Amino acid sequence: MSLDEAVVRAADPDAPENPAAENPAPENPAPENPAPENPAAEHAPPRTPGTWAALRPLLLRLHFYAGVLIAPLLLVAATTGLLYAGSWQAEKILYSDQLTVDRVGASAQPLGAQVAAAKNAAPQGKVTSVWPAPEADATTRVIMESPGLAEGETLTVFVDPYTAEVRGKLTTVGDALPLRAWLSEFHSSLQLGEFGRNYSELAASWLWVVALGGLALWIGRKRARKAALVVPDRTATGRRKTLSWHGSAGVWIVLGLVGLSATGLTWSRYAGENIGELKDSLGGGTPAVAAKLPGAPAADAGGEHAGHGAAAGDQAAAVPAPVDAIGIDGAVAAARSAGVTESLRITLPAQGKGYVVKEQDKQVPVHLDAVAVDPADGRVMDELRFADHPLLAQLTRFGIDLHMGLTFGLANQLALAVLAVLVMFMVVWGYRMWWLRRPTKERTLSVGRPQPRGAWRKLPVTVLLPLAAATAVVGWFVPLLGISLLVFLAGDLALGFAASRRRAGAGAGV
């Protein structure tokens, strides 16, 4: 048998294990050309299969190819995602000295004093933002730019808010401490830089296809009990038992898989750019609070070449640093008076910009409002409420935070861990089904009845044309999906061509 037959036999869970055994030759075979009982039947037009009957073989082949070839990437993504989900709690233990205070005091020191203590501990750093202690037993984080750090990294100094004592210093990325920062990069790129991001984008690009295709195949199966759709059949054995677990578990996690795929693609390299452009065109981009000071030059002054050459440098140097008459404590007081009070992050004034005070409480109920404060007089220059964000921007924020395990805290992280483990089981079950269909009596590559190629020809034109158009659009919008699909199709055509050559050679030798 051909490799093509092996592919189809492994892909079709309804195909019999041994067709010859299921359909033995009759003891008294009928004549080769029996007279038809109804002569008109000879001239009846062939029956046209229904849409699902014609579409199912295509889904089977696609699900098989994606399962065999993309499943390793999904397994890696699930494993690294499981580690990342656990990193939130792990860093609380590993970095407890930096994150918490020894004793909760009666009142906190002014933020200005805490920032001064951090500067003394890291005089080479330049303070860019401050995160006041969000809880009574937590430390204040003073974020600095510092020489020798990689792009995207900052130096964080942890200060006891009650004594202004420095509790430690760590290299961080955003809000992630070293362990979670490393695991985040490992999950997204396997620590291989920009090239490694292709792995996670390819996995996310195919995850929703595999999940929804598998769901359609599972729902489309005939079953004696409706409960078998969502509950594994405990009476089944062998491959059927594995298939029952694979299919019923998939029903339970399909929404989670599609959600992880969609949110993962939003910050991917290629599809993420397309998603961002689509959001902006629909007015769903994430707005930012306006922190530009009166009289400051526009941020884009100098056109598309701004920032290049001596003229741009001279212009930047000519912009005086804003006068900070209120200090960081005054900025926080102004923000609190405007209703921005929860889990604050204060960005210090820069050339031409004032204070920006943002809430960063991403756990339900979220607090994500922001204000800009003039450092000269404490006037609130602009307010931005999360409730006023476009709906698409809000959904993107919620989706990403769910993906990262923030929205519901520990429960969110446990749910992600369970989902990751189930994805691992789904992959293992899929490969086990493939293994259980291996030939046991012959040493040839496969035995069994092949799924006919060219099932797309049986699709009604009213289904085929929209399907082809939708595939082309999705393949363009999600580039790694489109490219890999073309590779799969080219491989499938090559297998078919090789199989036809072997059949032709075998016929010529007879």
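Quick notes on the rules
Residues numbered from 1 in each chain as written. Predicted model: local features only at pLDDT ≥ 70, side-chain atom pairs only at ≥ 80, totals over all residues. Heavy atoms only, no water. Core = buried A, V, L, I, M, F, W, Y, C linked by side-chain atoms within 4.5 Å. Buried < 20%, exposed > 50% of the residue type's maximum accessible area, 1.4 Å probe, protein only. Helix = DSSP H or I, 4+ residues; strand = E, 2+ residues; numbered from the N terminus. Contact = heavy atoms within 4.5 Å. Phe/Tyr/Trp six-rings, centres within 6.5 Å; stacked < 30°, edge-to-face > 60°. 1 Å grid on protein atoms, 1.4 Å probe; cavity = no way out; pocket = protein on both sides within 12 Å on 5 of 7 lines; lining within 4 Å. Points joined across faces, edges and corners; volume = space filled by probe spheres on them. Nonpolar A, V, L, I, M, F, W, Y, C, P; charged D, E, K, R; others polar. Axes fitted to C-alpha atoms, helices over the stretch in contact; angles between N-to-C directions. Parallel < 35°, antiparallel > 145°, perpendicular 65-115°, else oblique. Salt bridge = Lys/Arg side-chain N within 4 Å of Asp/Glu carboxyl O.

Undergrad: I'm lost on the nonpolar core in this one. Help?
TA: A general trend in soluble globular proteins is that nonpolar side chains are found buried together. Ranked by size, the top nonpolar core spans 36 residues in total, and within it Ile70, Leu74, Trp206, Leu257 and Leu265 carry the most contacts. Put simply, the parts of the chain that give this core at least two residues each are helix H4 (51–94), helix H8 (193–219), helix H9 (238–266), helix H10 (271–281), helix H14 (409–436) and helix H16 (479–508). When near neighbours in sequence (up to four residues on either side) are disregarded, Leu257 contacts Leu207, Ala211, Leu419 and Val423.

Undergrad: What exactly am I supposed to notice about the packing of aromatic side chains here?
TA: What characterises a pair of aromatic rings is the spacing of the ring centres plus the angle enclosed by the ring planes. Evaluation of the coordinates by the stated rule reveals eleven aromatic pairs. Ring centres of Tyr65 and Phe488 lie 6.2 Å apart, and the angle between their planes is 25 degrees; on these two criteria the pair is classed as stacked. Here the residue Tyr65 occupies a position in helix H4, and Phe488 occupies one in helix H16, the gap between them amounting to 423 residues. Residue classification places Phe488 among the buried residues on the basis of a relative accessible area of 11%. Ring geometry for Trp206 and Phe488: centres 5.2 Å apart, planes at 40 degrees, overall tilted. Separated by 282 residues along the polypeptide, Trp206 in helix H8 and Phe488 in helix H16 bring together distant segments of the chain.

Undergrad: Help me out: how do you make sense of unusual backbone geometry in this one?
TA: Both trends apply: most residues other than glycine have a negative phi, and most peptide bonds are in trans. A cis amide bond links Val364 to the next residue, Pro365, at an omega of -5 degrees. Checked against the element boundaries, Pro365 lands in the loop between strand E6 (355–359) and strand E7 (370–373). Residues other than glycine seldom take positive phi values, yet Ala164 does so here, at roughly 60 degrees. Mapped onto the elements of the fold, Ala164 is located in the loop between strand E3 (154–159) and strand E4 (166–172).

Undergrad: When you look at empty space enclosed by the protein in this model, what are you seeing that I'm missing?
TA: As enumerated under the stated definition, the model contains one cavity of 30 Å³ or more in all. The volume enclosed by the largest cavity comes to roughly 720 Å³. Of all the elements, H4 adds the most residues to the lining of the largest cavity, at nine residues. Split into classes, the residues belonging to the lining of the largest cavity amount to 25 nonpolar, seven polar and four charged.

Undergrad: Honestly, the packing of H4 against helix H7 (residues 178–189) in this entry has me stumped. Any pointers?
TA: The description of two packed helices rests on the angle between their axes and on the distance between the axes. For the pair H4 and H7, the least separation of the axes is 9 Å and the interaxial angle reads 170 degrees. Here H7 runs roughly antiparallel to H4, going by the angle between their axes. Across the interface between the two elements, Ala77, Thr80, Gly81, Leu83, Tyr84, Ser87, Trp88, Ala90, Glu91 and Leu94 of H4 pack against Leu179, Arg180, Leu183, Ser184, Phe186 and His187 of H7.

Undergrad: Before we go on, may I ask you to explain the pattern of salt bridges in this structure?
TA: Where charged atoms from two side chains of opposite charge approach closely, those side chains can pair. One pass over the full model with this rule turns up nine salt bridges. Close ionic contact of Glu91 with Arg180 constitutes a salt bridge, the shortest N to O distance being 3.1 Å. On the criterion of sequence distance, the pair formed by Glu91 in helix H4 and Arg180 in helix H7 is long-range, its members being 89 residues apart. Each of the two residues, Glu91 as well as Arg180, counts as buried. Between Arg180 and Asp175 there is a salt bridge, with its nearest N and O atoms 3.6 Å apart. Residue classification places Arg180 among the buried positions, given a relative accessible area of 2%. By sharing partners, the salt bridges in this structure join Glu91, Asp175 and Arg180 into a single network.

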